[in-house]
Amino acid sequence: MENTKNTALVLGATGGIGGEMVRQLLAAGWQVRALTRGETPPPRGDRIEWLRGDALSRADVLAAARGCAVIVHAVNPPGYRHWGQLVLPMLDNTIAAAIAEGATIVLPGTVYNFGPDAFPVLKEDAPQRPLTRKGAIRVELEARLEKAATQGARVLIVRAGDFFGPRAGNNWFSQGLVKPGQPVRSILYPGAPGVGHQWSYLPDVARTMVQLLAMRAALPPFARFHMAGHWDHDGRQMTGAIARVAEQASGARPVIRRFPWWLVALASPFVATLREMREMRYLWQTPLSMDNAQLLAVLGQEPHTPLDEAVRATLEGMGNLQKATDKKNAPGLPAR
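Just so it is clear, the model here is predicted, and its values are computed rather than measured.

Re the overall build of the protein
Okay, so step 1: Helix and strand counts for the protein stand at 12 helices and 14 strands.
Okay, so step 2: Whereas a compact globule of 336 residues would reach a radius of gyration of roughly 20 Å, the protein reaches 20 Å, a difference of no more than 12%.
Okay, so step 3: Seen along its three principal axes, the alpha-carbon backbone of the protein occupies a region of about 70 × 50 × 45 Å.
Okay, so step 4: Of the contacts formed within the protein by residues at least 6 apart in sequence, a portion of 75% connects residues at least 24 apart.

Pasting the structure below:
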């Protein structure tokens, strides 16, 4: 029998999407358990329980998931180290726990599953013929989830574009476009001129997942949805928003420059993250947008924060902007 309790286990709760799911689930009234390998973070209220454990340990995941109606699978190996060897075993542990509890697995989907033959507009039933090793693993991951949906688990996959947000962790926004913790004096853009790109504001993604979970009993056992997010039709909308927000904060407009792909090529043999970035370059060379008609048919509307508002919150969260309250309370500069 499907578990109906309002308790969710979040794997990867200290990461970008996992942490945002914790916040959105708590805001929606859920009881939350969070599994972490490191030191237990400070409590965020009386409806969250932090547990020590490892997503690579089936016993840990089974114990943490006991009595849970939902398992959010938002865990990834840090820094892409041993990604290919660890991702599927972690998922298999989540699947085993979901089958045991009759729980719904929530997975943040990616566009890595697809090659250019599915572009420029992605629908849920688009053929998954990836060009990369990482993409092939993501295809296998979703295939295992589809099988799990015939064995007592339920599955909800929400696919979105490149994440950005105040606490989004590793992503193109914070690793490519701007440098965290510094005033924004320049913006590096990885895309080819005039090529559209898909972005998704992380709080909007988490809110979408939580809204779909509220009606999970009415969804198919294996459900996939695409988010439209923020479609940058010419590669200038995101950089323009960053420049506007930064100029409003500092009075100086940042310079927009091309991302140094040549440097990534030189350093990628020695840095795993750069190898992964280089492998995904094709996503910056071909227009790719997401069709959210299926999501709209179910929810009526997609959670959507205006771009400048989302960018401002992101830059503030990354330490790139001095908040207005900080400016007001800051001591004055000595007169010369």
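So much for the structure itself; the text now carries on.
Quick notes on the pattern of salt bridges
Okay, so step 1: Tallied over the full model, the rule gives 11 salt bridges.
Okay, so step 2: E20 is the partner of R23 in a salt bridge, and the nearest nitrogen-oxygen pair spans 3.4 Å. Separated by 3 residues within a single helix, R23 and E20 lie in helix 1 (residues 16-27), roughly one turn from each other.
Okay, so step 3: Overall, R23 belongs to the partly exposed group, its relative accessible area being 22%.

Quick look at the sheet that holds strand 12 (residues 230-232)
Okay, so step 1: Taking strand neighbours across the sheet as the criterion, the 3 strands line up as 8-10-12 in an open arrangement whose pairing is mixed. Because the sheet does not close on itself, it has two edges, and the strands there are strand 8 (162-164) and strand 12. In this sheet, adjacent strand axes meet at a mean angle of 35° when their direction is disregarded.
Okay, so step 2: Here 3 bridges tie strand 10 (residues 197-201) to strand 12, and the two strands are oriented antiparallel to one another.

Quick look at the pairing of strand 2 (residues 31-36)
Okay, so step 1: Counting buried positions along strand 2 gives 5 out of 6 residues, so the element sits mostly inside the fold.
Okay, so step 2: Strand direction decides the pairing type here: strand 1 (residues 7-11) and strand 2, joined by 5 bridges, are parallel. Bridging from a neighbouring strand, V10 pairs with A34 of strand 2.
Okay, so step 3: Taking the sense of rotation as the criterion, the β-α-β connection linking strand 1, helix 1 and strand 2 turns out right-handed.
Okay, so step 4: Relative to strand 3 (residues 48-52), strand 2 runs parallel, the two being bridged by 5 bridges.

Details of the sheet that holds strand 5 (residues 104-109)
Okay, so step 1: The 7 strands lie next to each other as 3-2-1-4-5-7-11, forming an open sheet whose pairing is parallel. The sheet is open, and its two borders are formed by strand 3 and strand 11 (222-226), each paired with just one other strand. Put simply, the sheet's adjacent strands are angled 20° from each other on average, direction ignored.
Okay, so step 2: The pairing of strand 4 (residues 70-73) with strand 5 spans 3 bridges and is classified as parallel. Across the sheet, residue V72 finds its bridge partner in strand 5, namely V106.
Okay, so step 3: Seen against the sheet, helix 4 (residues 133-148) touches strand 5, strand 7 (154-159) and strand 11 and runs at an angle of roughly 160° to strand 5.
Okay, so step 4: Contacts from helix 6 (residues 202-213) reach strand 4, strand 5, strand 7 and strand 11 within the one sheet, and its direction differs from that of strand 7 by about 150°.

Description of the nonpolar core
Okay, so step 1: Of all hydrophobic cores here, the largest spans 36 residues; its most connected members are M21, L25 and L156.
Okay, so step 2: A total of 7 residues in this core trace back to one element, the largest contributor, which is helix 6.
Okay, so step 3: In contact with L156, other than residues within four places in its own chain, are T104, I105, V106, L107, M209, L212, L213, L219, A223 and F225.
Okay, so step 4: Membership of the second largest hydrophobic core comes to 29 residues, among which are A98, I105, L141 and A148.

Calculation criteria
Residues numbered from 1 in each chain as written. Predicted model: local features only at pLDDT ≥ 70, side-chain atom pairs only at ≥ 80, totals over all residues. Heavy atoms only, no water. Helix = DSSP H or I, 4+ residues; strand = E, 2+ residues; numbered from the N terminus. Rg over C-alpha atoms; globule rule 2.2 N^0.38 Å. Contact = heavy atoms within 4.5 Å. Salt bridge = Lys/Arg side-chain N within 4 Å of Asp/Glu carboxyl O. Buried < 20%, exposed > 50% of the residue type's maximum accessible area, 1.4 Å probe, protein only. Pairing = 2+ DSSP bridges. Axes fitted to C-alpha atoms, helices over the stretch in contact; angles between N-to-C directions. Right-handed = clockwise from strand over helix to strand, strands pointing away. Core = buried A, V, L, I, M, F, W, Y, C linked by side-chain atoms within 4.5 Å.

Purely spatial values, then, with no claim about function.
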